[in-house]
Amino acid sequence: MPRKPLVEPTSRLAVWGLRFVLAGMAVMLVAILAARTDRLDGYQAVVGLALGLAIVATGVLLAVIGGIVIWVTGYGGARQATLAVVLGLAVSAYPAALMVIGVRLPALNDVTTDITDPPSFGIAAMARPSNANSVAYPTAFAPVQRRIYPEIRGIDVDLPAESVNEIVNDLVESRRWTVLDQVDYRGPDREGRVEMVTRSLLLGFRDDIVIRIRSVNGRARIDMRSASRYGRQDFGENARRTIAALDEMRVAARRAQRER
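Residues numbered from 1 in each chain as written. Predicted model: local features only at pLDDT ≥ 70, side-chain atom pairs only at ≥ 80, totals over all residues. Heavy atoms only, no water.

1. Digging into the pairing of strand S6 (residues 219–228)
Filter applied, for reference: Relative accessible area decides the class of each residue, using a 1.4 Å probe on protein chains only: under 20% of the type maximum gives buried, over 50% gives exposed, and in between gives partly exposed. Under the scheme used here, helices are H or I runs from DSSP no shorter than 4 residues and strands are E runs no shorter than 2 residues, and both carry numbers assigned from the N terminus. Note: two strands are recorded as paired if DSSP finds a minimum of 2 bridges between them.
Burial within S6 is extensive, with eight of its ten residues counted as buried. Summarising the sheet, strand S1 (residues 110–112) and S6 pair through three bridges and their orientation is antiparallel. In the sheet register, Asp110 faces S6, and the bridge partner there is Ala227. Bridge count between strand S2 (residues 155–157) and S6: three bridges; the pairing is antiparallel. Note on S6: the bridge partner recorded for Val157 is Ala220. Across ten bridges, the pairing between strand S5 (residues 206–216) and S6 is antiparallel. Each residue of the ladder has a partner; that of Val210, found in S6, is Arg225. Here S5 folds back onto S6, and the loop between the two strands holds two residues, one of which, Asn217, carries a positive phi near 55 degrees.

Below you can see the structure in the form of structure tokens.
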């Protein structure tokens, strides 16, 4: 009677580690899709992501322990353990990078070029849910923002009102921000303002943006504000957005002044 071939035992820790990682990835995917389709608000989506990451981390831990067992005993399952660790680390890389940024930066979620009289939100304020961040610019942010982002300041230009409106409109079009409300600047007698909203690439979180155009000392001044609807920490996103937009408008203003 032929003898049955020996079957190499497989590490159950490695197998369950991979299952946990895949389950955590599924939870994270559901949270992302639900956030982008507005089934979950910002806080709920973050909780869902955190839960998914916790499951993934558990799976990676199980896989690592399973790998040690495999190394010592010679059991099977090395492929499952390796795959679990690789997938887990890949999924955790972006959140880990955000955590590093969050530790290095202060907790800001609202930046403005005018800290004494920030541009206000109108339509955007009405669009914010009750559990979203306040639309008022926190006064405690002012000294922190001034110290870390001194380049975030208003733009003064010697241009006709029509040219100033064109500079702002070109910026909004190039950035593909969704306009909620717009009033063109008409010189000293009418303040111009554009309210917009943009969404983050991954979760689709909404940030509100407002650009204001006033007449100050006979010149047109462009001010901007960018604020997150959810969360205490924006990981520098609003500042990066504002700095890039201001640089683009400054270049456009200098070009328009040379062409006059």
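2. Looking at the layout of surface pockets
Test applied: Space inside and on the surface of the protein is sampled on a 1 Å grid over the protein atoms alone, with a cavity defined as a set of points where a 1.4 Å probe fits but cannot get out and a pocket as an open set with protein on both sides within 12 Å along at least 5 of 7 lines; lining residues have an atom within 4 Å of a point. Grid points are joined across faces, edges and corners, and a volume is the space filled by probe spheres set on the points. Residues are grouped as follows: Ala, Val, Leu, Ile, Met, Phe, Trp, Tyr, Cys and Pro are nonpolar; Asp, Glu, Lys and Arg are charged; all remaining types, including Gly, are polar.
Its volume calculated, the largest pocket comes out at about 1200 Å³. Lining the largest pocket are 37 residues, and of these Tyr94, Leu98, Leu203, Phe205 and Phe235 sit closest to its centre. With eight residues, the top contributor of residues to the lining of the largest pocket is helix H3 (residues 78–104). Broken down by class, the residue content of the lining of the largest pocket amounts to 21 nonpolar, seven polar and nine charged. Considered as a void within the structure, the second largest pocket measures approximately 200 Å³ in volume. Taken together, Ser163, Glu166, Ile167, Asp170, Leu171, Glu248, Met249, Ala252, Arg255, Ala256 and Glu259 make up the full set of residues lining the second largest pocket. Those elements that place two or more of their residues in the lining of the second largest pocket are helix H6 (161–175) and helix H7 (237–259).

3. Some words on a nonpolar patch on the surface
Rules: Here a patch means residues that are over 30% exposed by relative accessible area and free of salt bridges, tied together within 9 Å if like-charged and within 5 Å if nonpolar (Val, Leu, Ile, Met, Phe, Trp, Tyr). Note that accessible areas follow from Shrake-Rupley with a 1.4 Å probe, and for residues the cover is restricted to the protein chains shown. One speaks of a salt bridge when a side-chain nitrogen belonging to Lys or Arg is within 4 Å of a carboxyl oxygen belonging to Asp or Glu.
Together, Val64, Ile68, Trp71 and Val72 make up an exposed nonpolar region whose accessible area comes to about 510 Å². Position of Ile68 relative to the elements: it lies in helix H2 (residues 42–73). For Ile68, a relative accessible area of 52% corresponds to the exposed category.

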